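Structural overview
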There are 2 protein chains.
Amino acid sequence: MAARSRDPSPLVLGLLLCALNPTVSQAGKLLLVPVDGSHWLSGLGVIEQLHQRGHDMVVLASEASVHIKEGAFYTLKRYPVPFRREDVEEAFIKLGHGVFENEPLLQRVVKTYKKVKEDSALIFSACSHLLHNKELMASLVESRFDAVLADPFLPCGPIVALYLGLPAVFFLNALPCGLDFQGTQCPNPPSYVPRALSLNSDHMTFLPRVKNMLIFLSESFLCNVVYSPYGALASEVLQKDVTVQDLMSSASVWILRSDFVKDYSRPIMPNMVFVGGINCAGKNPLSEEFEAYVNASGEHGIVVFSLGSMVSEIPEKKAMEIADALGKIPQTVLWRYTGTPPPNLAKNTILVKWLPQNDLLGHPKTRAFITHSGSHGIYEGICNGVPMVMLPLFADQMDNAKRMETRGAGVTLNVLEMTSEDLANALKTVISDKSYKENIMRLSRLHKDRPIEPLDLAVFWVEFVMRHKGAPHLRPAAHDLTWYQYHSLDVIGFLLAIVLGVVFIAYKCCAWGCRKCFGKKGRVKKSHKSKAH
Amino acid sequence: MAARSRDPSPLVLGLLLCALNPTVSQAGKLLLVPVDGSHWLSGLGVIEQLHQRGHDMVVLASEASVHIKEGAFYTLKRYPVPFRREDVEEAFIKLGHGVFENEPLLQRVVKTYKKVKEDSALIFSACSHLLHNKELMASLVESRFDAVLADPFLPCGPIVALYLGLPAVFFLNALPCGLDFQGTQCPNPPSYVPRALSLNSDHMTFLPRVKNMLIFLSESFLCNVVYSPYGALASEVLQKDVTVQDLMSSASVWILRSDFVKDYSRPIMPNMVFVGGINCAGKNPLSEEFEAYVNASGEHGIVVFSLGSMVSEIPEKKAMEIADALGKIPQTVLWRYTGTPPPNLAKNTILVKWLPQNDLLGHPKTRAFITHSGSHGIYEGICNGVPMVMLPLFADQMDNAKRMETRGAGVTLNVLEMTSEDLANALKTVISDKSYKENIMRLSRLHKDRPIEPLDLAVFWVEFVMRHKGAPHLRPAAHDLTWYQYHSLDVIGFLLAIVLGVVFIAYKCCAWGCRKCFGKKGRVKKSHKSKAH
C-alpha cells in the first residue's frame, strides 16, 4: 500500500455520530462486586471512565480488603467479615513466598491444594457474610441499580446479581477449569484450544493433545474445592436449586481482558467482548526521578523488571543470583523490589519500591522487560513493543509466557531452576537478537490496530446492558438444553434406532423372501434326500 | 436509568483518536470479484466508502453481467464469456417467474434442481473463462493489489486471490450447506443452530431437531452440483489439489451481513465481522414525487410493498388477489411493480417502477412493509422499526421471515397459498396490533445500539487486511487438523485403548491371583473328590 495520506473524515463522522448517540449519554446506577488483589486493579480504568460518563457506582468490599479502598469515583460499601485485613495480607504474602519454595512435585501439589483450600474458604466466608447481611442486602434492593458489574473469578457477584434480579456484566481475564466456556456455552475443542495450565500452544502434536484432553476431562473435578460451596450458598440464598454453572451462565455480557494477539484464535460467542490491553490506556509522562534514571542510562538504555503487584520480595539466594545476572548487562535495570537489597547488587541496578511500568515500557530507551508474565504485564509489553524475559510464577502466567515464546517475542525461564548465567544470557538474547524486537513490534501493530479502543468498548457494553436491562438477544439457546440434547445424543439415538430398525426389517423381509423362494425347494430336496436314504 | 445528559467527550475522543490513526489513512489497491445480482448491490456502500478513503479499486465482471456496471468509484474490467447478457437476464426473470408456479412438490424439486444446475453451469463457465484469460490474469498479477474483496457465494474470487497470492476478505450474507461454517472452522451444534432452509428457530423441540440433524447430515451432498466444479477448476489453475473447503478456508476475514438481532446467538470465530444493517446507512430525503404520495396519505399513512430487485412482476391472477387485498386497507400502498397493472387496482394503491425503499421505511407515516424478506429488506425494516408482512419467495427468505415472526415483528404468508383475505388480515393485524410495532421497535433499538457503525467496521477490516497483508493471528489452528484430529478421535481411541488395556491386565492379574489363591485348593478338592468316588 502506498503511504498516500487521505482525509479519514467519513469514518470519523460515523464514529462521532455513533459516540454522540443520545442513548449513550444516559447516566445510571451500577453495583460493583469486585475480587480483591490484582483483579481489582485491572478494572479501575473502566470505573474511572464510567464515573466520567456520569454513572453512580457502589463498590462492595469486605472490611478486610487489602487493595479495594475508598476512591473518588465510587461509593465504597464495606461489610464486616470474621477475619482481619492482616489475615488477607498474610495470605497474599504467603502466596508470593510459596512460589520460591523449591520442593518435590508431590509436596508442592499437596501444599498448593491446602493453600487454595484455606484461601478460598476465607474468601467464601466473606461472600457468605455479605449475602447474610440482611441490612446491607435490603439497602442494595432499595438502591435500584441498573446492573451489576462483577468479577466471576469468585462467584459472589453473580449471586448478588441474581438476588437483586439485575442483569450482570462479567469483567475478567479468564476462569479456571473451563468455567468460562461452560458459562458462555462456548465450544472449546480440546484438539486445538489449549487448556489453562497445560502449557500447550494451539498447534499440538499427538501427546500434547492427549495431555490437553486429560486436563479437559479432569477440569470439572479440579475446581470443585473452590467453587462448589458457592452453588450451595446460592441455592440457600435464592431459595432454589442453583449450580455453579447457573451462576456462570447468568451474565448478559462477558468483558474479557484478552485478545487474539496474546491468545490463540478459537470459537467465541456473541456476548463475549475482548478488551485485551485495556490497561495500556492512560499513559503519563515519567516523573523527574524516573526520567533521570532513563536519561542517565546512555546509549544502552534500560531494562524494566517487576514481578507484579503480588510479589515484591524474593528469597535472598535467588535475589543474589538475579542481581548477579543483572550486573552482567550494559543496560540500567530498574527493579521493583521491596525486600532487603541483595549485597551483590551491581551499579547498573536500581531498586525501587514502585515503578510506573507502562510509562517506562513506553519509553524509546527501554530495551527489555523482565516480567512474571501476568496478563497486565504481558499486554503492557505488547502495547509498547518491548521484548520480554519471562519468569512465570503461578496461575495463568506459565500459559502467557508460552504464548509470547511461541510468537518469538520473548524467552521464558524457570525462576526456581535458572542460574545467574541463564538470566544474563536470556537478557542479552532478547536485546541483541533483532527478531525478538521485530516480533513484538509486529504483535504490537496488530494489537493496537482496532476499530475501537478497548476501554471505550468495555464502557459501551456495560452501558448497553444498563440501557437494555440485559442482552437477551445475545444469549444462545444452548443454555436451555440438557447436555445430551446439546450434543444431539437423543436425536442420534433416534435416527440410529430407525436405521437399525429398517435394516432389521429389510433383513427379515429378505430372509423371509429367500425362504419363500428357495426354502421349499430346499425342504423338498431334503425330504427327497431323506426319502432316498 | 435517569435521563441525565452527560458529556460523552472521553468516548468521542477515544474514537476520534482511533479513527485518526495514521495507519488508517494509507491508501491501497483492492481487487473486487463480486457476484452479479442483489449480492453486488449490497457491497456498493462499502465500495463508495473505500473510494472516499483513497483506495484504487478494480472490479472484475463478465461482459454478460446484468447489475455490475461502470461506476464512478472503481475501474471495471470486463472479460468475455461464451454467453450473452440477455441469457443472464432471462435466467433472473425465470427465477422470478418460477417462484409463482404452484406445482406438486416433487415436480418443483426436480425443476429447481435443473434450474440451479443450468444457472450455476452458466456462472461457472464465466469463472473458467476468467481464470483461463491469460492476458487479463497477467495484468492482474502486474497490478500488485494489496488484497482481494470477494463474495464467496460463487467461489471464483477465492481462486483469483489464491492465484495472485493475495489475502482475501469475504463479504457475504451467508453460504448454503454450511460452507461458511466449514470455511471458518466455526462450530455449529445442530441442537440449537438452525440450518439454512430448515425454517427452525433456535429453540427446537425433538422433531425439529431431528429435521435439523437430517439437513446437517445431507448438506455436504446437497451443494455438490454447484460447488464441486470450482474445486476441480482451482486444482487445474493452481496446479495443486484444492478442495472447495480449501477455497472457503482461504479468507483472512469474513464480513457477514448479519447480526444477532436478526439471527440467533451462536458460536462465532474471531475473524468474523458482523455488519448486518450496513445497507441502512445513507438515508436521503424523499423526492418530490414520493413526498407527495406520503403527504396525501392522511392519518392512515402508507404501506411500502416490494418483492426485491429480482422479482418485479407477478402472474396476473396473483397480482389481482394482492391488488384486491391492498384495496381493503385504509393506508396508501406504494407498490414496486413493473408488470401490467392489475385491472382491479384500488385507488389507494400506487404502482411504481422503483421506490426509495429505505427512505420510505424511515418516514414516520409508514405503517407496514410488505416484503419478500430478503436480508436487505428485513434489515431496512428493522433499522426503521416497521412491522412486516412477509411473502418469502426463495433461498434464505423463508428463514428470515421465520426469525422475524418468532420475534413478533411480523406475519409470514405463503405467497402461493394465501388468499386476498389472508393478506388484508395480515396487514390489518401488523398495523393495528400494537405488539408488532413494539417488538420491531425493540429490535430496532438493539440493532442500532452498537459501538461502531457497520459500514465503518467493514471498511476498517478491509483496510486491516490490506495493511497487514492478511490476519494470520485470527486464523484458528483447526484448519491444520484432519477431521478425526479436530474431533480428538485419535486421542479418545488412544485413551480408550489404555483404559481397556489396564482393565484387561487388571482382570488377568486378578484371575491369575484367584487361580493362585483358590485354584490349587479347588483342584485339590476336585482330585480329592474324584479319589473319594
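Residues numbered from 1 in each chain as written. Chains lettered and ligands numbered in written order. Predicted model: local features only at pLDDT ≥ 70, side-chain atom pairs only at ≥ 80, totals over all residues. Heavy atoms only, no water.

1. A look at the overall build of chain A
As a reminder of what qualifies: Secondary structure follows DSSP: runs of H or I at least 4 residues long count as helices, runs of E at least 2 residues long count as strands, and numbering of each begins at the N terminus. Type-normalised accessible area, obtained with a 1.4 Å probe on protein chains alone, sets the label of each residue: buried when under 20%, exposed when over 50%, and partly exposed for intermediate values. Residues are treated as being in contact if the distance between any of their heavy atoms lies within 4.5 Å. The positive count covers Lys and Arg only, the negative count covers Asp and Glu only, and His and the chain ends enter neither. Charged groups are reduced to one reference atom each: NZ for lysine, CZ for arginine, CG for aspartic acid, CD for glutamic acid.
Tallying secondary structure elements over chain A gives 21 helices and 14 strands in all. For chain A, the spread of C-alpha atoms along the three principal axes comes to 120 × 60 × 60 Å. The buried share of chain A, reckoned over its 533 residues, is 55%. Sequence-distant contacts, at least 24 apart, represent 64% of the contacts inside chain A between residues at least 6 apart. Both charge centroids of chain A, one from 56 positive and one from 50 negative side chains, sit 16 Å from each other.

2. Description of the sheet that holds strand 2 (residues 29-33) of chain A
Residue and element names in this part refer to chain A. Quick reminder of the rule: The rule for pairing is simple: two strands pair if DSSP sees at least two bridges between them. For every element, the axis is a line fit to its C-alpha atoms; helices are fit only across the contacting stretch, and the angle between N-to-C directions ranges from 0 to 180 degrees.
Spatial ordering of the open sheet is given by 4-3-2-5-6-7-8, a layout of seven strands whose pairing is parallel. Each having just a single partner strand, strand 4 (75-79) and strand 8 (272-274) make up the two edges of the open sheet. Across the sheet, the mean angle separating the axes of adjacent strands is 20 degrees when strand polarity is ignored. Note that strand 5 (residues 147-150) and strand 6 (residues 168-172) share three bridges and pair parallel. For L149, the partnering residue across the bridge sits in strand 6 and is V169. Contacts from helix 7 (residues 156-164) reach strand 2, strand 5 and strand 6, with the element oriented near 145 degrees to strand 2.

3. Describing the domain arrangement of chain A
Residue and element names in this part refer to chain A. Quick reminder of the rule: Marked domain ranges trace back to an automatic or database domain assignment. Summed over both partners, the accessible area (1.4 Å probe) lost when two parts come together is defined as the buried area. Between Lys or Arg on one side and Asp or Glu on the other, a salt bridge is scored when a side-chain nitrogen of the former is within 4 Å of a carboxyl oxygen of the latter. Under the rule applied, a polar contact is a pair of N or O atoms within 3.5 Å (in protein, one hydrogen donor and one hydrogen acceptor; residues adjacent in sequence only if both atoms are side-chain atoms). Under the grouping applied here, Gly and all other residues not named as nonpolar or charged are polar, the nonpolar ones being Ala, Val, Leu, Ile, Met, Phe, Trp, Tyr, Cys and Pro and the charged ones Asp, Glu, Lys and Arg.
By the assigned domains, chain A splits into domain 1 (26-92 + 123-280 + 453-480) and domain 2 (288-448). Of the residues lining the interface, 26 residues belong to domain 1; the matching set on domain 2 comes to 23 residues. Carbon and sulfur atoms make up 53% of the surface buried where domain 1 meets domain 2, a total of about 2000 Å² over both sides. Across the contact surface, domain 1 and domain 2 share one salt bridge. Linking R403 and D263 is a salt bridge whose minimum nitrogen-to-oxygen distance equals 2.7 Å. The tally of links between domain 1 and domain 2 comes to 14 residue pairs in polar contact (both at pLDDT 80 or more). Here the residues of the side of domain 1 that touches domain 2 sort into ten nonpolar, eleven polar and five charged.

4. Things to note about the state of the cysteines
Residue and element names in this part refer to chain A. How we decide: Disulfides are defined in this document as cysteine sulfur pairs within 2.5 Å.
The full count for this structure, using the stated rule, is six disulfides over all chains. Across the disulfide from C127 sits C156; the S-S distance is 2.1 Å. Disulfide C127 to C156: torsion about the S-S bond roughly 95 degrees, handedness right-handed. In this pair, C127 sits in helix 5 (residues 105-131) while C156 sits in helix 7, placing the two residues 29 residues apart along the sequence.

5. Brief notes about the UniProt feature "transmembrane region" (unreviewed entry) in chain A
Rules: UniProt positions are given in the numbering used here, feature names are shortened, and annotations may be inferred rather than shown by experiment.
UniProt records the feature "transmembrane region" (unreviewed entry) for residues 491-514 of chain A in the present numbering. Between the end C-alpha atoms of residues 491-514 of chain A there is a gap of 34 Å, over a span that is 100% helix and 0% strand.

6. A word on the pattern of salt bridges
By the definition in use, this model includes 38 salt bridges over all chains. Two residues, E89 of chain A and R85 of chain A, come together in a salt bridge whose shortest N-O distance is 3.3 Å. With E89 of chain A and R85 of chain A both in helix 4 (residues 85-98), this residue pair falls four residues apart, about one helical turn. Residue R85 of chain A is classed as partly exposed on the basis of its relative accessible area of 29%. Between K318 of chain A and E321 of chain A there is a salt bridge, with its nearest N and O atoms 3.1 Å apart. Linking K318 of chain A with E321 of chain A, this pair stays in helix 13 (residues 316-326), spanning three residues, or about one helical turn. Assessed through its relative accessible area of 23%, E321 of chain A is described here as partly exposed. Each member of the salt-bridge network shares a partner with another, and the members are R53, E463 and R467 of chain A together with D449 of chain B.

7. Regarding the packing of aromatic side chains
In this description, an aromatic ring pair is defined by two values, namely the gap between the centres and the angle between the planes. How we decide: Put simply, two rings from Phe, Tyr or Trp (the six-membered ring, in Trp's case) pair if the centres are within 6.5 Å, and we call them stacked under 30 degrees between planes, edge-to-face over 60, tilted for the rest. Two conditions define a charge located above a ring, namely a distance within 6 Å from the ring centre to NZ of Lys or CZ of Arg, and an angle within 35 degrees of the ring normal.
All told, the structure shown has 26 aromatic pairs over all chains when counted by the stated rule. Here the aromatic rings of F290 of chain B and Y293 of chain B are separated by 5.7 Å at their centres, their planes lie at 75 degrees, and the arrangement is edge-to-face. Of this pair, F290 of chain B and Y293 of chain B are both found in helix 12 (residues 288-295), three residues apart, which corresponds to roughly one turn of the helix. The class of F290 of chain B is buried, set by a relative accessible area of 2%. An aromatic cluster is built from F305, W335 and Y337 of chain A, whose rings are joined through pairwise contacts. The ring of F181 of chain A is capped by R195 of chain A, whose NZ or CZ atom sits 5.7 Å from the centre of that ring.

8. Quick word on the side chain of N212 of chain A
Residue and element names in this part refer to chain A. Counting through the fold element by element, N212 comes out in helix 9 (residues 206-222). Among the polar contacts listed, one links the side chain of N212 to the backbone nitrogen of R195, at a separation of 2.9 Å. Non-local contacts of N212, meaning those with residues more than four positions away in its chain, are made with P190, V193, P194, R195, S198, N200 and M204.

9. Observations concerning the pairing of strand 2 of chain A
All names here are of chain A. In terms of residue burial, strand 2 counts as a mostly covered element, since four of its five residues are buried. Pairing of strand 2 with strand 3 (residues 56-62), which is carried by four bridges, proceeds in the parallel orientation. Considered in strand 3, the bridge of L30 is made with M57.

10. Overview of the confidence of the model for chain A
The following threshold applies: One number per residue, pLDDT, summarises how confident the predictor is, and it ranges from 0 to 100.
Of the residues in chain A, 92% reach a pLDDT of 70 or more, and the chain-wide mean stands at 90. Under the prediction, the complex receives an ipTM of 0.90, its pTM being 0.91.

11. Here's the deal with a nonpolar patch on the surface
Residues and elements named next belong to chain A. Quick reminder of the rule: Candidate patch residues must exceed 30% relative accessible area and have no salt bridge, after which like charges are joined if within 9 Å and Val, Leu, Ile, Met, Phe, Trp or Tyr side chains if within 5 Å. Where accessible areas are quoted, they stem from the Shrake-Rupley method and a 1.4 Å probe; at the residue level, only the protein chains shown are allowed to cover.
On the surface, W483, Y484, L489, I492, L496 and L500 cluster together into a nonpolar patch covering about 640 Å² of accessible area. Looking at the nonpolar patch, the elements with two or more residues in it are helix 20 (483-486) and helix 21 (489-532). When residues of the nonpolar patch are assigned to their parent elements, the largest contribution, four residues, is made by helix 21. By the secondary structure assignment, Y484 is in helix 20. Take Y484: its relative accessible area is 37%, and that puts it in the partly exposed class.

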